Amino acid sequence: MTIENLLSFYLNMNIVLAIAAVIWLIARSVWSRGPLKHAYLPQLRLVYGVLLSVALSPLIFNGVQMLSQSGFIARDQMPNFADFAVAQFLDGNIDMAPARFESLLMLRTEFINSIATLSSPLSQAIAAVLLLMTTFGVVRLINSGACVARTIGRSYLMRRVGRVDIRITHEVAVPFSTRGLWRHYIVLPTSLLSQSNHVRIAVAHELQHIRQGDLIWEILLEAARPIFFWNPAFGFLKREVEKLRELSCDQQVLRNKGLGVRDYCECLLRVCRNSLRLRQNAQLRTPSVPFAQLNASRTSANFLKHRVAAMFVSTSRDSGGLWVASFAMVVFLLVVLGGLLSQPANDWTQDRLMLSSIVNLERLDLRNSARY
């Protein structure tokens, strides 16, 4: 694989992420008007499905390309935004000089070639920033993982349930869960031990994260953060995951464990108060899933209010499985279709050849005019 191919793949993934974020925004708006707007677990699974569609998109695109090369799909029938734009230009719907229009179509290819060859100071600066920030993100992730491992190593085993270790330590103010290769860990602050019902709530909350597969997704997203650090779509989707997994976890624990809403809210507020008082933020201990993600920002405080208010909203136990599956399939197909449409244009379609001929004729006419 050449550097150009690698950069093209990287750019494609960022474009698909942006498309996925837009589609999720639309899907979330539609969902909020439906009967399951307070059903947070299906929403969490839906946003996981959006991320999965992004991860699987390269395989799908390669499969479509293989079908095209084998003749099952005609090259000029493959959907593409650029080819659609060329067709509109040839029909006279886009008023622009042919040479300028072609240069806009080639902008993506020229940008990739510029970065790959470092042919300009700007491309050199972009490549340096990408390399430095990615390296910084990887080092930070490794350091955070080592910090989590040290915290677990210095903690005390309280109880072992199957493959889950429940441990206590004075080094944290916020309960959190994480995992190794074979075992899961729930780490509790010693300040929580004075009230047994709060220990039960925190353990039930973190166990729910384990059941939902939130730890695996958190590890994968944190591993991807250094690669997509500059893409606001990645940050947006990750924040959506963090919000929905806490809301869904609160909802499932209150529904299935028979815990009182008042005790649950008191435990949550107590953990947040201790975190702010001791200035310890478990959110920085990545990759892990904390009981509460709180800092001094207004956004964090608003989400805490949202969590507390959501606990008092009653929802049906019927998750509407068929409706949710249909909705998820539509969203998945839209993300894949958007990714296919954003792929690089096929240079050998009949319309592209016609555009190239028009550009060459325009250049020839300009040269003849300059001569005479």
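The structure reproduced in this document is the subject of the present report. (Residues numbered from 1 in each chain as written. Predicted model: local features only at pLDDT ≥ 70, side-chain atom pairs only at ≥ 80, totals over all residues. Heavy atoms only, no water.)

## Quick word on the packing of helix α8 (residues 214-224) against helix α9 (residues 232-256)
At a closest axis distance of 12 Å, the pairing of α8 and α9 adopts a crossing angle of 160°. For the element pair α8 / α9, the angle class is roughly antiparallel. As for the relative orientation of α8 and α9, their crossing is left-handed in sense. Contacts from Asp214, Glu218, Leu221, Glu222 and Ala224 of α8 reach α9 at Phe234, Lys238, Val241 and Arg245. (Axes fitted to C-alpha atoms, helices over the stretch in contact; angles between N-to-C directions. Helix = DSSP H or I, 4+ residues; strand = E, 2+ residues; numbered from the N terminus. Parallel < 35°, antiparallel > 145°, perpendicular 65-115°, else oblique. Left-handed = near helix turned anticlockwise from the far one by under 90°. Contact = heavy atoms within 4.5 Å.)

## Looking at the packing of aromatic side chains
In this structure the tally under the stated criterion is 4 aromatic pairs. Ring plane angle 20° and centroid distance 6.2 Å describe the contact between Tyr10 and Phe228, whose orientation is recorded as stacked. Here Phe228 lies in the loop between α8 and α9 and Tyr10 lies in helix α1 (residues 3-31), a separation of 218 residues in the sequence. Residue Phe228 is classed as buried on the basis of its relative accessible area of 12%. An aromatic cluster is built from Tyr10, Phe228 and Phe234, whose rings are joined through pairwise contacts. (Phe/Tyr/Trp six-rings, centres within 6.5 Å; stacked < 30°, edge-to-face > 60°. Buried < 20%, exposed > 50% of the residue type's maximum accessible area, 1.4 Å probe, protein only.)

## Describing helix α3 (residues 81-90)
Burial in α3 covers these residues: Ala82, Asp83, Val86 and Phe89. All buried residues of α3 project into a common sector of 115° when viewed along the axis, lining one side. Two residues or fewer after α3 comes Gly92, characterised by a positive phi angle close to 85°. (Arc of directions from axis to C-beta.)

## Some points on the sheet that holds strand β2 (residues 164-169)
One open sheet holds the 5 strands; their spatial order is β1-β2-β4-β3-β5, and the pairing between them is mixed. Edge positions in the sheet fall to β1 (156-161) and β5 (289-290), since each has one partner strand and no second. For β1 and β2, the ladder comprises 5 bridges, and the chain directions are antiparallel. If you follow Tyr156 over to β2, its bridge partner there is Ile168. Strands in contact with helix α7 (residues 196-212) are β1, β2, β3 (176-179), β4 (184-189) and β5; relative to β4, the strand with the most contacts, it is inclined by about 150°. (Pairing = 2+ DSSP bridges.)

## Observations concerning the nonpolar core
Trp24, Leu237, Val331 and Val335 are the most contacted members of the largest nonpolar core, which totals 41 residues. For this core, the secondary-structure elements that each account for two or more residues are α1, α2 (40-70), α8, α9, α11 (298-310) and α12 (321-341). Sequence-distant contacts of Val335, that is, excluding residues within four places in its chain, are made with Val16, Ala20, Ile23, Val50, Ser53 and Val54. Judged by nonpolar contacts, the second largest core, of 29 residues, contains Leu188, Ala202, Val203 and Met311. (Core = buried A, V, L, I, M, F, W, Y, C linked by side-chain atoms within 4.5 Å.)

## Observations concerning the side chain of Thr178
Here Thr178 is to be found in strand β3. Judged by relative accessible area, Thr178 falls into the buried class, the value being 5%. With residues near it in sequence (within four places) discarded, Thr178 still touches Val148, Ile152, His184, Tyr185, Leu215, Pro287 and Ser288.

## Considerations on unusual backbone geometry
The phi torsion of most residues other than glycine is negative, and most of the peptide bonds are trans. In this structure, Leu118 is a non-glycine residue whose phi angle is positive, near 55°. The residue Leu118 is located in the loop between α5 (107-117) and α6 (121-154) in this model.

## Description of the pattern of salt bridges
Taken as a whole and assessed by the stated rule, the structure comprises 14 salt bridges. A salt bridge links Glu246 to Arg245; the nearest nitrogen and oxygen atoms lie 3.8 Å apart. For the pair formed by Glu246 and Arg245, the shared burial category is buried. Here Arg262 and Glu266 are joined by a salt bridge, their closest N and O atoms 3.3 Å apart. Of this pair, Arg262 and Glu266 both sit in helix α10 (residues 261-278), 4 residues apart, which is roughly one turn of the helix. Three or more residues are tied together by salt bridges with common partners; here these are Glu218, Glu222, Arg225, Lys238, Glu242, Arg245, Glu246, Asp250 and Arg307. (Salt bridge = Lys/Arg side-chain N within 4 Å of Asp/Glu carboxyl O.)

## As for the packing of α1 against α5
Packed helices, taken two at a time, are described by the angle between their axes plus the distance between the axes. At a closest axis distance of 9 Å, the pairing of α1 and α5 adopts a crossing angle of 125°. Between α1 and α5, the angle falls in the class oblique. Pair α1 / α5 crosses with right-handed handedness. Residue-level inspection shows Ile3, Glu4, Leu7, Ser8, Leu11, Asn12 and Ile15 of α1 in contact with α5, the latter providing Arg108, Ile112, Asn113, Ile115, Ala116 and Thr117. Here the contact of α1 with α5 is built from residues that sort into 7 nonpolar, 4 polar and 2 charged. (Nonpolar A, V, L, I, M, F, W, Y, C, P; charged D, E, K, R; others polar.)

## A short note on the environment of Trp323
Examined against the element boundaries, Trp323 turns out to sit in helix α12. The contact partners of Trp323, leaving out residues within four places of it in the chain, are Trp31 and Leu36.

## Quick look at the pairing of β2
Along β2, 6 of the 6 residues are buried, which leaves the element largely enclosed by surrounding structure. Burial along β2 is two-sided: the residues Val164, Ile166 and Ile168 and Asp165, Arg167 and Thr169 are all buried. The antiparallel hairpin formed by β1 and β2 contains 2 residues in its connecting segment, where Gly162 sits at a positive phi of about 60°. Bridge analysis of β2 against β4 gives 6 bridges, and the strand direction is parallel. When the bridges of β4 are listed, Val164 appears paired with His184.

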